[in-house]
Structure formats: C-alpha cells, structure tokens
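Residue-level structural notes
Now for the letters of each chain:
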Amino acid sequence: MRNQRARSVAGRGRRLSLTVMVSLLLTTLFGPGMITAAATPPTAQVLAGGVTYPTPWMFSGYPAGETKFMGFPSLYNGSSTDGEGERSERYILSHATQRDTVGLGSTVLRQSRGGNFEVMDSADGYVIPSNFVRLGVASGAVYGFTFEDRSVIDETCTQPSCRREFDRWLLAGDNWQRAGKATINFPTRNNEVAWARIYQGPILAGDGKTLITTVYGRYNAQHGWAFFSAVADSTNDGVTWTVRSELAVSTTEQFGEASVAPTSDGGLIAVIRKDENLRGSPIANIPANVALYVRRSSTQSAAGPWTPLDASARLAADGGNSPSVELLGNGALVIGSGRPDNVLRVSYDGRGIAWSNPYVLYRNTPTTGGDADGWYSFDPYNPQGHRVRRPMRHLGSSTTMGIEAITGNQLLVVGDNCASGWGCPCPATAQNPRGWECPQRAGGYPKGTQTGLWRTTVTVDNGRVGRLDLPGMFRRDELTVLDPTFSRYGSCATPTGCRQSYAAFAFDGDARSDTSTVTPNRSLTLRLPRAYQLTGVGAIAYLQDGGADLKIEVSSNGQSWSTPARGARDGYLRPFAAPVSAQYVRISDPNPISKPLAAFLHELELYGS
C-alpha cells in the first residue's frame, strides 16, 4: 500500500462519474428568503447559500405495452473510499411495481457503479435501500431491513410480536442473504403495537457501533389506537432495537413517516410527516395537506433531549410527504419531501434551525378532470359505490424521493413521474379490469403520464467563502498527513474485526460515521503546500464525552504551535477571531478517551486564502 501521507490524481479520478448529468443546462434557483423552524439562538446566522441542478430527466421506464408501475423510489449510497483514496461508486435504488398498498412485496432493486442502473437481486421484494446501513466492521458489511413488519409480509407470522419484527438482510456482493430478524421493543408501551414501519432507516452514530432509526406506526387499543413516530437504537448490529423517544404520539392527529440524521454541530435532527384535514370515507382517510415537522437534539443519542413538539416545530403546512434528511460534507442539511411537488429545503449551516424556502425540483400535477372543490373522485369499485378522493394537487408524482449525498456538496436525487396506482391514468388489466385504482379522467399532466423515474444531481453551496480545496490538494500529493498510523474503529469483539480507518476518509466528501479518520491519540496533523491566511476550520466530528470542542493548533514550521483565538462556533465551522498565517494545522479531540473504538473526523475542511 502506498504511503497514506499523500495521494495522486488517480486516487480520486472516478468519484464524479455522474458529471455526465452536469453537462445539461443548469437551472439556478435561489430561495427568496429564509423561514425559521424554531426559536433562533443569538449566535445563529443566516447564510446566503444556493442550490443548482440540471433539469431532472427521465432515465428509467417500461417499453410500450407494459402494465406495471414504477413509483415510490428509494436510494442508498454504497460507495466507499479505500486506503489509496480511490472512490468506488455504488448506488442502489428501488421502486414499486404494483399499486400503493401493503403486503405486495413488489420492490425491485437496481444498482449503478457509476453508469446505468441495472436490475439486481431484490431479496424478498420488501427490503428498500433507504433502510440500508453500513456497519463499522472490517468487512464494511451492509445490512438492510424491511419497511413493513412481519405480520404484513409473512402470512405465517401471526403472533402479536410479529407486528414489531422485521426481516434483516445482509448484502453479500450483489446478492442478499437472510440474517435473521430485527425486533423493536417499546418499553413504555408494553410492546402493544398494532403495526409498525421502519422508514428512511438506520444511521451509524459517531460512536461507531450504535444504529439509530426512525419507526412509525400505530399502537393498539390499550393505547387508544394512537399514531406514533419514534426514534429507536440498537447496539447489536440491528438485531434488537429499543424505542428511546417518541417524536410524536396522538390518538387524534395522524403523524407518520420520519427520518433522522446528524447535524453539523454534533446533534441529531428528525423530520416528521403529519396528515391534516382528513376527509374520510368507508375506504380511506385522505389528508387535504401534509405538514412537515422538525425536532432536534443537542446530543447524538436517540434518547435526546429533543426540542418540543409545539408550534415552533412546524416547518411547513405542506410538502411533508416521505421526508428524508441528509447531512452533506460541507456541513449543510437537506430535506427532501413533497406533496405537492418534489421539493428540497436546505439548512445551510447544518443545525436545522434556519431553512431555505422550498426549491421545487419536479412537478407533474394534473390540471383537468377534478371536482369543483379541487379534489378528484376515483371511480367506485365495490357494490356500495364508495369512492376514494384525493386532492388534485397531490396526484401525479408520488413526491417520494430518494436523496443521497454523493460528494461533499452534491446529492443524487431520484423521483417518480407517476405514483403507483393513484398518480396517473393507467391501462386496464386482468387484475384491474376497469382501471378503478387510477385517475382515469385526470389530464393536463405537464410531464405526461408515463410511469418511470427521473433523476438529477443537486449542488449545494453552503454560502461560506474561502474554502480551500483539500481534496484536490490530497489527490495531487500537495497535502501531507503527518500522522503515522490510523486506527480500527466501530462495532467488533476484537480490534481486528473493526473498520480500518484511513487518512483519505477525512477528505472524501462522505460525512457518514462509517468513513471516519481515526488515530490512536485522536489527533490529525496536516502540512499544507504553502502558508495560508486561515480563517477557520470546518469539521464534522464525533467527540469523546467531556464537553470540550475540537482543539485547533497552527504552526508555520511544524515545530512551534499556537492556538488561534476563535469566534462563536457556527455549525461545523470553527471560525478564527482573526486570520492566522500557517502551513501546518493540527486537529485534536481534547476530551479523555473513554470510547477507544469510536469514530473521529468524518470530514475536514479549511477556510482561508
């Protein structure tokens, strides 16, 4: 293996193979303002960031005559960085081929290694990429969990415990192997659950061993049939989970899908869907609007404490369908959600307090065929003549998107043109002879009624000026990492079973804990190609217990070190009170080492000139 202190251009040459999309005409959208998700502390700043992306384009569909659907996509970034700094691309997406109902097992998986998405082993048809997670183990094993509980996907599973059990799968190469089941415990509810779902699933916490996921569903009669959205964790690779916090629970209000991610300042953020103004029928309750809520924790623990679920937590009255939240390597947070439209919101400082107005990525809402009240009445399909009704502005695309960070400032986003079943008109089939499940009279779809998937690459400018190109320096052998050894970390019985850390992990644009630079003394020293006027350090890091923030030292010669005076921390950025001239930078965790197998520096950036 080459010396880890420097890397050549070849070490990163393939990490942006998706740039074929960037050759398309770029459409730049700047939000007209900022809105606040919660009370803003005095030190909060609103950054003038921006979002750019090529016009989304349809990349996957069916040949003429095919009657299957292609909707509700889900996405996982399985790319990895090796010790030489080479980025091996791997993206896995899924879509449903049947109508929007439980228990059909119609999920198809496709993967791309930088090119087209090709069909791969789809396990049992229930596991979805948003529920994939890479463990902190030597093999880099990826596990997947089914979205629906086993009472739905296994007709032989009839015990009450099946309502909180999920199939667990191991991705071995390009194929899936059964890895037992995952069980979620609800200690404050005596495990009395009517049904449950794992959605926009697990993340690996900074300690390298704890998995954290959101779960939603409904409790049973003993708890008033209450709807809930909750956060659970696991310390045994996802075999057993324990709900630590209820993000929302109500017998009268319908909370649902949720997603969780780290924040740039070392905490957690959860985004939650809430269906409001329901219109009922004997068939279904359909919301007039889908609200979006946000709760934050100052710690990276499922137990919180979490900010309250009050008026300040309500981010938007609309656009809360299938929310997914991602932390980028440049410290920005992005929420993808919808209904109406497929939209992104950005917290440029990554704390999840101030958010941009929504960027509309994709719209395919019909304009004709609806009722006078703006709703659409589906054709009756049973002897009683009951009808399902949906708002016209909710038809078309399901607005369920797969979003995954692919570089430090870019996301791959995948969505559908038509929701499976109820989004667009569809042909009659033997199973659906009159096409009742589709809005056959709706028209005026701006993107047409073809079932298929679209995608785009979104670039997020965090609004901070003076970022040095550490990745470029690294691959050009201009940046030297002076530390001689890098540790193993993560979840393992012995250190040899843990994930091997590399210097390259600090500069690969991947902010996840499973790609973290760790040294025995939890310190990293850099030699820049020349002296710079440095203005601050941006770092996404996991720190040991103790409460002290990163220690930052600078030097002009690598012998005499000083600690620059710092301004107030702003998300991942530790700004200096005044520019300092330095060629060497040392980043250290000053807290006592109580978790020797924890991750450390997930992503590191310097600012200056």
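Structure first, text after, so check above.
What you are looking at is a predicted structure, and each value in this text was computed from that prediction instead of being measured.

Here we look at the overall build of the protein
When helices and strands are tallied, the protein shows 2 helices and 40 strands. Looking at the 609 residues of the protein, the share that counts as buried comes to 59%. Long-range pairs, those at least 24 residues apart, make up 65% of the contacts in the protein with a sequence separation of at least 6. Carbon together with sulfur atoms contributes 50% to the accessible area of the protein, which is approximately 22300 Å² in total.

Some thoughts on the nonpolar core
Considering soluble globular proteins, one finds that nonpolar side chains tend to be buried as a cluster. Grouped together as the largest cluster of nonpolar side chains are 34 residues, with contacts concentrated most on Phe507, Leu534 and Leu604. Elements with a contribution of two residues or more to this core: helix H2 (470-475), strand E37 (523-541), strand E38 (551-555), strand E39 (573-588) and strand E40 (601-608). Considering every element that reaches this core, the biggest residue donor is E37, with 7 residues. Discounting chain neighbours no more than four positions away, the residues touching Leu534 are Leu468, Leu528, Val554, Phe576, Ala578, Pro579, Val580, Ala582, Val585, Tyr607 and Gly608. In this structure, Tyr143, Phe166, Phe186 and Leu204 belong to the second largest nonpolar core, which totals 23 residues.

What to know about the packing of aromatic side chains
All chains considered together, the criterion is met by 19 aromatic pairs. Note on Tyr76 and Phe132: the rings are 5.6 Å apart at their centroids and 70 degrees apart in plane angle, and the pair reads as edge-to-face. With Tyr76 in strand E5 (residues 71-77) and Phe132 in strand E11 (residues 127-134), this pair connects stretches of sequence that are 56 residues apart. Of the two residues, Tyr76 and Phe132, neither departs from the other in class, the shared state being buried. For the pair Tyr502 and Phe505, a centre-to-centre distance of 5.5 Å together with 85 degrees between the ring planes defines the contact as edge-to-face.

Examining the pattern of salt bridges
Two side chains that carry opposite charge are able to pair once their charged atoms sit near each other. For the coordinates displayed, the defined rule picks out 37 salt bridges. Between Glu165 and Arg150 there is a salt bridge, with the nearest N and O atoms lying 2.8 Å from each other. Of the two residues, Glu165 is situated in strand E13 (residues 165-172) and Arg150 in helix H1 (residues 150-153); the sequence distance between them amounts to 15 residues. Accessibility classification places Glu165 together with Arg150 in one group, the buried group. Its salt-bridge partner being Arg314, residue Glu276 comes within 2.5 Å of it at the nearest N-O pair. Of the two residues, Glu276 sits in strand E21 (residues 268-280) while Arg314 sits in strand E23 (residues 314-316), which places them 38 residues apart along the sequence. On the accessibility criterion, Arg314 (29% relative accessible area) is partly exposed. Salt bridges here are not isolated pairs; linked through shared partners, they connect Arg150, Asp154, Glu165, Asp167, Arg178 and Lys181.

Some points on the state of the cysteines
Within the structure shown, the criterion is met by 4 disulfides. The disulfide that involves Cys157 links it to Cys162, with 1.8 Å between the sulfurs. Judged by the sign of its S-S torsion, about -90 degrees, the cystine formed by Cys157 and Cys162 is left-handed. Judged by its relative accessible area of 3%, Cys162 is buried. Two residues share a disulfide in this structure: Cys418 and Cys424, whose sulfurs sit 2.0 Å from each other. Taking the torsion about the sulfur-sulfur bond, which here is approximately -85 degrees, the covalent link between Cys418 and Cys424 counts as left-handed. When the bonded cysteines of the protein are counted from the start of the sequence, the pairing works out to 1-2, 3-4, 5-6, 7-8.

Thoughts on the sheet that holds strand E8 (residues 91-96)
Read across the sheet, 4 strands follow the order E5-E8-E9-E10 without closing on themselves; strand pairing throughout is antiparallel. The open sheet has two edge strands, E5 and strand E10 (118-119), and neither has a second partner. Relative to strand E9 (residues 107-112), E8 runs antiparallel, the two sharing 6 bridges. Note on E9: the bridge partner recorded for Leu93 is Arg110.

Points about unusual backbone geometry
Backbone geometry follows two general trends: most residues other than glycine have a negative phi, and most peptide bonds adopt the trans configuration. Between Gly304 and Pro305 the backbone carries a cis peptide bond, its omega angle lying at 15 degrees. Position of Pro305 among the secondary structure elements: in the loop between strand E22 (285-297) and E23. In this model, Arg339 is joined to Pro340 through a cis peptide bond whose omega is 10 degrees. Secondary-structure assignment places Pro340 in the loop between strand E25 (333-338) and strand E26 (342-347). The backbone of Asp237 sits at a positive phi, close to 65 degrees, despite the residue not being glycine. Tracing the backbone through its elements, the reader meets Asp237 in the loop between strand E18 (227-234) and strand E19 (240-250).

Re the environment of Gly374
Its location among the elements puts Gly374 in the loop between strand E28 (359-362) and strand E29 (375-377). Judged by its relative accessible area of 32%, Gly374 falls in the partly exposed class. A sequence separation of 16 residues divides Gly374 from Arg390, and the C-alpha atoms of the two residues are 8.8 Å apart. Non-local contacts of Gly374, meaning those with residues more than four positions away in its chain, are made with Pro391 and Met392.

A closer look at the pairing of strand E31 (residues 402-407)
Each regular strand displays side chains that alternate between the two surfaces of the sheet. Here E31 lies mainly inside the structure; 6 of its 6 residues are buried. Two elements, E31 and strand E32 (residues 410-416), share 5 bridges in a ladder whose sense is antiparallel. Across the sheet, Gly402 pairs through a bridge with Val414, a residue of E32. Here E31 folds back onto E32, and the loop between the two strands holds 2 residues.

Thoughts on the environment of Thr307
Tracing the backbone shows Thr307 in the loop between E22 and E23. Overall, the relative accessible area of 22% leaves Thr307 in the partly exposed class. Measuring from C-alpha to C-alpha, the distance between Thr307 and Leu247 comes to 9.5 Å, with 60 residues separating the pair along the chain. When neighbours within four sequence positions are excluded, Thr307 is seen to be in contact with Arg295 and Arg296.

Calculation criteria
- Residues numbered from 1 in each chain as written.
- Predicted model: local features only at pLDDT ≥ 70, side-chain atom pairs only at ≥ 80, totals over all residues.
- Heavy atoms only, no water.
- Helix = DSSP H or I, 4+ residues; strand = E, 2+ residues; numbered from the N terminus.
- Buried < 20%, exposed > 50% of the residue type's maximum accessible area, 1.4 Å probe, protein only.
- Contact = heavy atoms within 4.5 Å.
- Areas by Shrake-Rupley, 256 points an atom, 1.4 Å probe, with all protein chains shown as cover.
- Core = buried A, V, L, I, M, F, W, Y, C linked by side-chain atoms within 4.5 Å.
- Phe/Tyr/Trp six-rings, centres within 6.5 Å; stacked < 30°, edge-to-face > 60°.
- Salt bridge = Lys/Arg side-chain N within 4 Å of Asp/Glu carboxyl O.
- Disulfide = S-S within 2.5 Å.
- Pairing = 2+ DSSP bridges.

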